[in-house]
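Survey of secondary and tertiary structure
Given next are the chains, with one letter for each unit.
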2 protein chains.
Amino acid sequence: MSLADTHGITVAFNQAKKSYNEGGIPIGSSLFNSRTGAQLGAGHNERVQKASPTLHAEIAALENTGRLRAAVYRECTLVRELDSYTSNSPCSMCTGAVLLYGIPRVVIGENSNFKGEEDLLRSRGVEVVVLDNPECTELMARFIKEKPELWNEDIGET
Amino acid sequence: MSLADTHGITVAFNQAKKSYNEGGIPIGSSLFNSRTGAQLGAGHNERVQKASPTLHAEIAALENTGRLRAAVYRECTLVRELDSYTSNSPCSMCTGAVLLYGIPRVVIGENSNFKGEEDLLRSRGVEVVVLDNPECTELMARFIKEKPELWNEDIGET
Ligand SMILES: [Ca+2]
Ligand SMILES: [Ca+2]
Ligand SMILES: [Zn+2]
Ligand SMILES: [Zn+2]
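Quick summary incoming for the structure in this document. Given the structure is predicted, the values throughout are model-derived calculations rather than measurements.

A word on the overall build of chain A. Looking only at helices and strands, one finds 7 helices and 5 strands in chain A. When the helices and strands of chain A are placed in sequence order, the string is α-β-β-α-α-β-α-β-α-β-α-α. For chain A, whose C-alpha radius of gyration is 14 Å, the value lies close to the compact-globule estimate of 15 Å for 158 residues. For chain A, the C-alpha atoms occupy an extent of roughly 40 × 30 × 25 Å along the three principal directions. The proportion of buried residues among the 158 residues of chain A is 62%. For chain A, the exposed surface amounts to about 6000 Å²; the carbon and sulfur share of it is 51%. Across chain A, the centroid of the 16 positively charged side chains sits 6 Å from that of the 21 negatively charged ones.

Take the coordination of the zinc ion (ligand 3) next. Residue and element names in this part refer to chain A. Every protein donor of the zinc ion (ligand 3) is listed here as His-56 (ND1), Cys-91 (SG) and Cys-94 (SG), and their distances to the metal cover 2.1 to 2.4 Å. Motif for the zinc ion (ligand 3), donor spacing along one chain: H-x34-C-x2-C. You can see His-56 sitting in the loop between β2 (39-44) and α2 (57-65) and its partner Cys-94 sitting in helix α4 (residues 92-101), a full 38 residues away along the chain. A residue is classified by how much of its surface remains accessible, and His-56, at 6% relative accessible area, is buried.

Listed as interface residues are 37 residues of chain B and, on the opposing side, 37 residues of chain A. Put simply, chain B and chain A have 4 salt bridges between them. Residues A:Arg69 and B:Glu153 are paired through a salt bridge, measuring 3.4 Å at the closest nitrogen-oxygen approach. At the boundary of chain B with chain A, the tally comes to 18 residue pairs in polar contact (both at pLDDT 80 or more). Sorting the residues of the side of chain B that touches chain A by element identifies α2 (57-65), α3 (70-73), α4 (92-101) and α7 (148-154) of chain B as the ones contributing at least two each. The greatest single-element share of the side of chain B that touches chain A, amounting to 7 residues, is contributed by α4(B).

Four donors placed tetrahedrally about a metal ideally form angles of 109.5 degrees, and six donors placed octahedrally ideally form angles of 90 or 180 degrees. Residues and elements named next belong to chain B. Those protein atoms acting as donors to the zinc ion (ligand 4) are His-56 (ND1), Cys-91 (SG) and Cys-94 (SG), and they sit at 2.1 to 2.4 Å. Along the chain, the residues donating to the zinc ion (ligand 4) fall in the pattern H-x34-C-x2-C. For the pair Cys-91 and Cys-94, a shared accessibility class is recorded, and that class is buried.

Below, the discussion takes up helix α1 (residues 3-21) of chain A. All names here are of chain A. For α1, spanning 19 residues, the distance from its first C-alpha to its last is 27 Å, which sits close to the expected 27 Å at 1.5 Å a residue. Those residues of α1 that fall on the buried side of the exposure criterion are Asp-5, Gly-8, Ile-9, Val-11, Ala-12, Phe-13, Gln-15, Ala-16, Ser-19 and Tyr-20. At the C-terminal side of α1, Gly-23 shows a positive phi close to 90 degrees.

Right, let's get into the sheet that holds strand β2 (residues 39-44) of chain B. Residues and elements named next belong to chain B. The strand order β2-β1-β3-β4-β5 describes an open sheet built from 5 strands, whose pairing is mixed. Edge positions in the open sheet fall to β2 and β5 (127-130), since each of these has one partner strand only. Looking at each pair of strands side by side, their axes are set apart by 15 degrees on average, direction ignored. Inspection of the sheet shows strand β1 (residues 28-33) paired to β2 by 5 bridges, in the antiparallel sense. When the bridges of β2 are listed, Leu-31 appears paired with Gly-41.

Turning to the environment of B:Arg35, a few remarks are in order. Residues and elements named next belong to chain B. One can find Arg-35 in the loop between β1 and β2. In the structure, Arg-35 is positioned 10 residues away from Ile-25 in sequence and 31 Å away in space, judged by C-alpha atoms. Side-chain polar atoms of Arg-35 contact the side chain of Glu-75, separated by 3.0 Å.

Attention now moves to α4(B). At 3.6 residues per turn, the α-helix brings residues three or four places apart onto the same side. All names here are of chain B. Where burial is concerned, most of α4 is hidden: 10 out of the 10 residues are buried. Taken as a whole, α4 has its buried residues at Ser-92, Met-93, Cys-94, Thr-95, Gly-96, Ala-97, Val-98, Leu-99, Leu-100 and Tyr-101. Positive phi appears at Gly-102, one or two residues downstream of α4, with a value of about 65 degrees.

Bringing the pattern of salt bridges into the picture now. Taken as a whole and assessed by the stated rule, the structure comprises 18 salt bridges over all chains. Ionic pairing is found between A:Glu22 and A:Lys18, a salt bridge with its closest N-O pair at 3.0 Å. With a relative accessible area of 41%, A:Lys18 lands in the partly exposed category. As a salt-bridge pair, B:Arg67 and A:Glu153 come within 2.6 Å of each other at their nearest N and O atoms. Of this pair, B:Arg67 sits in the loop between α2 and α3 while A:Glu153 sits in helix α7 (residues 148-154), which puts the two residues in different chains. Residue classification places B:Arg67 among the partly exposed positions, given a relative accessible area of 34%. Taking the relative accessible area as the measure of exposure, A:Glu153 reaches 5% and is therefore buried. Connected through shared salt-bridge partners, A:Arg47, A:Glu153, B:Arg67 and B:Arg69 make up one network.

Conventions and cut-offs
Residues numbered from 1 in each chain as written. Chains lettered and ligands numbered in written order. Predicted model: local features only at pLDDT ≥ 70, side-chain atom pairs only at ≥ 80, totals over all residues. Heavy atoms only, no water. Helix = DSSP H or I, 4+ residues; strand = E, 2+ residues; numbered from the N terminus. Rg over C-alpha atoms; globule rule 2.2 N^0.38 Å. Buried < 20%, exposed > 50% of the residue type's maximum accessible area, 1.4 Å probe, protein only. Areas by Shrake-Rupley, 256 points an atom, 1.4 Å probe, with all protein chains shown as cover. Lys, Arg positive; Asp, Glu negative; His and termini not counted. Charge placed at Lys NZ, Arg CZ, Asp CG, Glu CD. Donors = N, O, S within 2.8 Å, 3.2 Å for Na, K, Ca; no water. Contact = heavy atoms within 4.5 Å. Salt bridge = Lys/Arg side-chain N within 4 Å of Asp/Glu carboxyl O. Polar contact = N/O pair within 3.5 Å; in protein donor to acceptor, adjacent residues only side chain to side chain. Expected span 1.5 Å × (residues − 1). Pairing = 2+ DSSP bridges. Axes fitted to C-alpha atoms, helices over the stretch in contact; angles between N-to-C directions.

Below, the structure written as structure tokens:
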């Protein structure tokens, strides 16, 4: 794991913990420059905090980063600190945001049940890097056990 | 064109005009119940107004509608009042949001250069209805002539 990816995943995981402590869904994301490693932005799922159906962690990270020129996105990495426990994750909306802005590289912190839109990302030429971070898994497992109904709402299941 | 679709496109177009009058990107969207025709929400592009890279019209409509149960999305129509002038519209992010929530039907107000993610929507079983509304085209043509740089930013081009 590169230093930049380690940094990115740490920033994203801290966002996830913040959301968990606020009573929200514990998924975080960060956006950084792949070349310099500079952090551009970060965010976490806002379903509970802002009653938002669209601010998934990745969308929140892009939103908090603000308006960028297209060229900036072209050298970015988008990190999502977790990709377990969902049948379509990174979800189609967040996958689509990556494609819209031409973000060339996505890092996923953990992925114990690989499926979903990773294939779509790869088929469009996006590099998908899957790390293996047990902390990410543990936080999510705890959350889903505590609040399964909230999790199902976020993935459009119930 | 059904009465419900006419209503949906009118609501969306009024959102687009509102955004134009605010100096923003004139694209609007609405969400309504396909069975009853009841309006659930509406919104417009917020790139200028909220400095937002993610609040495309469709995302704004979903966001303004608020948190819904999955079953509600399953009988919705999402309307975007225009689909011209873009190389990938409905864009991949908004297409992905439709897939995330299992919205079964998308209405596009105008589409004079058909390409982009409509194919992805259709391949996943979403019904895509293209209407033909010259008012939508005129407003967008005027805007792109006036502010081409803003438009290119929104579609991730420059
Ligand atoms: Ca997965
Ligand atoms: Ca098109
Ligand atoms: Zn997502
Ligand atoms: Zn869009």
